[in-house]
Amino acid sequence: SGVWSYNGPAERRFNKAFAEYVGSRYALSLANGTVTLQLALEACGIGCGDEVIVPGLTWQATAAAALDINAVPILVDVTEDTWCIDPAAVEAAITPQTKAIVPVHLYGCMADMDAILQIAERHGLRVIEDCAHKHGGEWNGKKAGSIGDIGSFSFQLSKLMTAGEGGALTTSDPQLWERLDALR
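Quick caveat: nothing in here was measured; it's all calculated off a predicted structure.

1. Overview of the overall build of the chain
Scanning the chain from N- to C-terminus turns up 6 helices and 9 strands. Over its C-alpha trace the chain gives a radius of gyration of 15 Å, about what one expects of a compact globule, namely 16 Å for 184 residues. Taking the principal axes of its C-alpha atoms as reference, the chain extends roughly 50 × 35 × 25 Å. Taking contacts inside the chain between residues at least 6 apart in sequence as the whole, the part at least 24 apart equals 58%. Of the roughly 8,500 Å² of accessible surface on the chain, 53% is carried by carbon and sulfur atoms.

Below you can see the structure in the form of structure tokens.
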């Protein structure tokens, strides 16, 4: 029909509305949450042999997305109180090959984004928020998906906001937006 096709009118309306809801400059709808994670990593220039730090407690797609682009997922522990990625474990896992941190907001909790962003800034790392289970969640007044470099969302049947399947990426960085759109 062309309604939901590449940059069709319904897709453009959704992308604009979702970006406004999240508080980011851009949003891009995609097939599912796994693809959003893959494209986010690729848009950040991550590839063969690069390390991506992910929590050890998450859906397998968070780590599999790194494997799908020939990067190496580095699993680290989570905190006892939130079950989200432990910033101290992130710091301890960083090597010269580390390129990104993927905090997962999980079980109604947000990862400690203040600590994650400080670590990322110190080490020149990208932060890709896995927001598959935290649509509308907030950290210090900013919504999930608007805090890191890129936010990755899933709309699969078990998610808070569902379309049966689907996903979206959010960013406020125009260069990342161009890369994401080109990769799509």
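2. Notes on the packing of helix H2 (residues 33-43) against helix H6 (residues 174-183)
Between H2 and H6, the shortest axis-to-axis distance is 9 Å and the interhelical angle comes to 125°. By the angle between their axes, H2 is oblique relative to H6. As H2 runs across H6, the sense of the crossing is right-handed. Contacts between H2 and H6 involve Leu 39, Ala 40, Glu 42 and Ala 43 from the first element and Leu 176, Arg 179, Leu 180 and Leu 183 from the second. Of the residues contributing to the contact of H2 with H6, the split by class is 6 nonpolar, no polar and 2 charged.

3. Section: the nonpolar core
The biggest cluster of nonpolar side chains holds 29 residues, and the ones touching the most others in it are Phe 18, Ile 53, Val 76, Ile 85, Val 90 and Ile 101. Of the residues forming this core, the biggest block, 4 residues, is contributed by helix H5 (residues 113-123). Not counting chain neighbours up to four residues away, the residues in contact with Val 76 comprise Ile 53, Val 54, Pro 55, Gly 56, Ile 85, Ala 89, Val 90 and Ala 93.

4. Some remarks on the sheet that holds strand E2 (residues 51-55)
Taken together, 7 strands build an open sheet; the order of strands is E1-E9-E8-E5-E4-E2-E3 and the sheet is mixed. In this open sheet, the two strands that pair with only one neighbour each are strand E1 (26-30) and strand E3 (72-76). Neighbouring strand axes in the sheet, compared pairwise and without regard to direction, differ in orientation by 25° on average. The pairing of E2 with E3 spans 5 bridges and is classified as parallel.

5. Thoughts on the environment of Thr 98
If you trace the backbone, Thr 98 turns up in strand E4 (residues 98-101). Ignoring any residue separated from it by four or fewer positions in sequence, one finds Thr 98 in contact with Glu 51, Ile 53, Ala 93 and Leu 125. Engagement of the side chain of Thr 98 in a polar contact is seen with the side chain of Glu 51, the distance being 3.3 Å. Of note is the side chain of Thr 98, whose polar atom sits 2.9 Å from the backbone nitrogen of Thr 95.

6. Description of the packing of H2 against helix H3 (residues 61-68)
In contact at an axis separation of 9 Å, H2 and H3 are set at 50° when each is read in the N-to-C sense. Relative to H3, the element H2 lies oblique. Both H2 and H3 take part in a crossing whose hand is right-handed. Here Thr 34, Leu 37, Gln 38 and Leu 41 of H2 lie close against H3, whose contacting residues are Ala 61, Thr 62, Ala 65, Ala 66 and Asp 68.

7. Details of helix H1 (residues 9-22)
Over its 14 residues, H1 runs 20 Å from end to end, which matches the ideal 20 Å to within 8%, given 1.5 Å per residue. All of the buried residues in H1 are Ala 10, Glu 11, Asn 15, Phe 18, Ala 19 and Val 22. The buried residues of H1 occupy one face: seen down the axis, they fall within an arc of 155°. Exposed residues lying more than 90 degrees from the buried face of H1 are Arg 13, Lys 16 and Glu 20. The secondary structure elements touched by the buried residues of H1 are E1, strand E7 (142-143), strand E8 (150-154) and strand E9 (167-171).

Parameters and conventions
Residues numbered from 1 in each chain as written. Predicted model: local features only at pLDDT ≥ 70, side-chain atom pairs only at ≥ 80, totals over all residues. Heavy atoms only, no water. Helix = DSSP H or I, 4+ residues; strand = E, 2+ residues; numbered from the N terminus. Rg over C-alpha atoms; globule rule 2.2 N^0.38 Å. Contact = heavy atoms within 4.5 Å. Areas by Shrake-Rupley, 256 points an atom, 1.4 Å probe, with all protein chains shown as cover. Axes fitted to C-alpha atoms, helices over the stretch in contact; angles between N-to-C directions. Parallel < 35°, antiparallel > 145°, perpendicular 65-115°, else oblique. Left-handed = near helix turned anticlockwise from the far one by under 90°. Nonpolar A, V, L, I, M, F, W, Y, C, P; charged D, E, K, R; others polar. Core = buried A, V, L, I, M, F, W, Y, C linked by side-chain atoms within 4.5 Å. Buried < 20%, exposed > 50% of the residue type's maximum accessible area, 1.4 Å probe, protein only. Pairing = 2+ DSSP bridges. Polar contact = N/O pair within 3.5 Å; in protein donor to acceptor, adjacent residues only side chain to side chain. Expected span 1.5 Å × (residues − 1). Arc of directions from axis to C-beta.

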